[in-house]
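Below are the chains, spelled out letter by letter.
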Amino acid sequence: MKFTELDLTADLMRGINEVGFTDLTPVQEESIPLALQGYDVAAQAQTGTGKTAAFLISLFTTLAKNNVETSSNPRALVIAPTRELVVQICEDAKGLGAHCPFKVQPIFGGVDYDKQRQALKDGVDVIVATPGRLIDYFKQRVFDLKAVQVMVLDEADRMFDLGFIKDIRYLLRRMPHPQKRLNLLFSATLSHRVQELAYEHMNNPQPVEIEPDQVTADQVTEQAFYPSKEEKIPLLLGLLKTHPVGRVLIFVNTKRVAEDVEAYLKGNDYGVALL
């Protein structure tokens, strides 16, 4: 299917053409028509499948068709687990919505506290945010969620992994009833807990499952080990000795653990760079 076959506004089509999109990806072809008909969507789709464009196009079209009197409160909310994802979504929205009359505002921690706060006070159409700082501003009554027409939850499974789910439920319960808004959920896996969240806070969501073409690269061999905490460093050193590959990336959970691993490796004469 081509984007020209969809019932999109001229302003949105102009942005789609300028970013070079012509044909819909599978997740777009499955989810956008449903959303344009007013159905909620719970989609299983990996990063790189075009899911961001899928929900942005659905969001912009819904706002354009449901135009309301000017309000300083947001009409759409996109919730993402990390600031990096928020920035990426806003960049995509900037391209696709270049000619749409919607102000998109990123909200995340670590930078521009007063600047972001003032932007919300001045009024925005679409908020793209991580949960923590958004709730901070909400509790200060900088804005409210009563005018939300579209809610998007991106990478829902990671919300659980990162411990954000209580914050998500807090925000969802302060929006209009699920039947009075369009709800779109995207997740790499539609686990039981993700489906439970969808059916609790969405209006009979239509399931969309897009299987990845390839889960791992052809040249990657995967192995899993389950050592106790005390066995991890000896296991790591043993693997490095029995697999002398030269270059190694080691991912850890915290800065403290990274420093400990660095010390052990340097103590065993490995050249290490800590990031």
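Let me begin by describing the structure that accompanies this report. Counting restarts for each chain: residues are numbered from 1 in the order of the written sequence. Under the rules for a predicted model, residues below a pLDDT of 70 receive no local features and side-chain atom pairs below 80 are neither given nor counted, while totals for whole chains, interfaces and linings still include all residues. As a rule here, side-chain values cover all heavy atoms of the structure and leave hydrogens and water aside.

**So, the sheet that holds strand E5 (residues 150-154)**
Phase 1: When DSSP finds at least two bridges between two strands, those strands are taken to pair. Strands are runs of DSSP state E lasting at least 2 residues, helices are runs of H or I lasting at least 4, and numbering of each runs from the N terminus. Pairing within the open sheet is parallel, and its 7 strands lie in the order E3-E4-E2-E5-E6-E1-E7. Pairing within the sheet leaves two strands with one partner each, and these edge strands are strand E3 (104-107) and strand E7 (206-209). Averaged over all pairs of adjacent strands, the angle between their axes in this sheet comes to 15°, without regard to strand direction.
Phase 2: Looking at chain direction, strand E1 (residues 41-44) and strand E6 (residues 182-187) are connected through 4 bridges and run parallel. Axes, fitted as lines to C-alpha atoms, cover a helix only where it is in contact. Angles between the N-to-C directions of the axes lie from 0 to 180 degrees.

**Things to note about helix H5 (residues 113-122)**
Phase 1: Working definition: with a 1.4 Å probe on protein chains only, accessible area under 20% of the residue-type maximum means buried, over 50% means exposed, and in between means partly exposed. By the burial criterion, the buried members of H5 are Gln116, Ala119 and Leu120. Buried residues of H5, seen end-on, are gathered within an arc of 95° and therefore sit on one face of the element. Turned more than 90 degrees away from the buried face of H5 sit Asp114, Lys115 and Asp122, all of them exposed.
Phase 2: The contact definition used throughout considers only heavy atoms, calling two residues in contact when any of these lie within 4.5 Å. Against E3, strand E4 (126-129) and helix H6 (131-139) lie the buried residues of H5.
Phase 3: Just beyond H5, the residue with positive phi is Gly123, at close to 110°. Each direction from the helix axis to a C-beta atom contributes to the arc, which is the arc of those directions.

**Considerations on the pattern of salt bridges**
Phase 1: We define a salt bridge as a contact between a side-chain nitrogen of Lys or Arg and a carboxyl oxygen of Asp or Glu at a distance within 4 Å. This model, assessed by the stated rule, comprises 10 salt bridges.
Phase 2: The residue Asp260 makes a salt bridge to Arg256 at a minimum N-O spacing of 3.9 Å. In this pair, Asp260 and Arg256 are both assigned in helix H11 (residues 255-267), 4 residues apart and thus about one turn of the helix distant.
Phase 3: Classification of Arg256 by relative accessible area gives exposed; the value is 59%.
Phase 4: For Glu262, the salt bridge is made with Lys266, and the minimal N-O distance between the two is 3.2 Å.

**Topic: the nonpolar core**
Phase 1: Working definition of a nonpolar core: buried Ala, Val, Leu, Ile, Met, Phe, Trp, Tyr and Cys residues. They are joined through side-chain atoms within 4.5 Å. In terms of nonpolar packing, the biggest core is built from 42 residues, with Phe3, Ile57 and Leu59 touching the most fellow members.
Phase 2: For this core, the element with the most residues is helix H3 (residues 51-65), which contributes 8 residues.
Phase 3: Aside from chain neighbours lying at most four places away, what touches Leu59 is Ala76, Val78, Val126, Val150 and Val152.
Phase 4: Core analysis: the second largest hydrophobic core is formed by 32 residues, Met159, Leu171, Leu185 and Ala198 among them.

**As for unusual backbone geometry**
Phase 1: A positive phi is found at Asp112, a non-glycine position, where the angle reads about 45°.
Phase 2: Inspection of the secondary structure puts Asp112 in the loop between E3 and H5.
Phase 3: Of note in this structure, Asp269 is not a glycine but carries a positive phi near 65°.
Phase 4: Its location among the elements puts Asp269 in the segment after H11.

**Some thoughts on the packing of helix H2 (residues 26-36) against H3**
Axis angle and axis distance: for two packed helices, these are the angle between their axes and the distance between the axes, and together they describe the pair.
Phase 1: Where H2 meets H3, the closest approach of the two axes is 9 Å, and the angle between their N-to-C directions is 20°. Here H2 lies roughly parallel to H3, going by the angle between them. As for the relative orientation of H2 and H3, their crossing is right-handed in sense. From H2, Val27, Gln28, Ser31, Ile32, Ala35 and Leu36 reach across to H3, where they touch Lys51, Ala53, Ala54, Ile57, Ser58 and Thr61.
Phase 2: Just so you know the grouping, Ala, Val, Leu, Ile, Met, Phe, Trp, Tyr, Cys and Pro go in nonpolar, Asp, Glu, Lys and Arg go in charged, and all remaining residues, Gly too, go in polar. Partitioning the contact of H2 with H3 into residue classes produces 7 nonpolar, 4 polar and 1 charged. An angle counts as roughly parallel when it lies under 35 degrees, as roughly antiparallel when it exceeds 145, as roughly perpendicular when it falls between 65 and 115, and as oblique in every other case. By convention, the crossing between two helices is left-handed when the near helix turns anticlockwise from the far helix through less than a right angle, and right-handed when the turn is clockwise.

**Looking at the packing of H6 against helix H8 (residues 165-172)**
Phase 1: Where H6 meets H8, the closest approach of the two axes is 10 Å, and the angle between their N-to-C directions is 40°. Compared by their axis directions, H6 and H8 come out oblique. Between H6 and H8 lies a crossing whose hand is left-handed. For the pair H6 and H8, the contacting residues are Pro131, Leu134, Ile135, Phe138 and Lys139 in the first and Asp167, Ile168, Tyr170 and Leu171 in the second.
Phase 2: Looking at the contact of H6 with H8, its residues break down into 7 nonpolar, no polar and 2 charged.

**A closer look at H8**
Phase 1: All of the buried residues along H8 are Ile165, Ile168, Arg169, Leu171 and Leu172. In an axial view of H8, the angular spread of the buried residues amounts to 160°, which keeps them on one side of the axis.

**Some thoughts on the environment of Ile127**
Phase 1: Position of Ile127 relative to the elements: it lies in strand E4.
Phase 2: Exposure remark for Ile127: the relative accessible area of 0% places this residue in the buried category.
Phase 3: If we ignore the near neighbours within four places in the chain, the residues touching Ile127 are Pro74, Ala76, Leu77, Val78, Gln105, Ile107, Leu120, Leu134 and Phe143.

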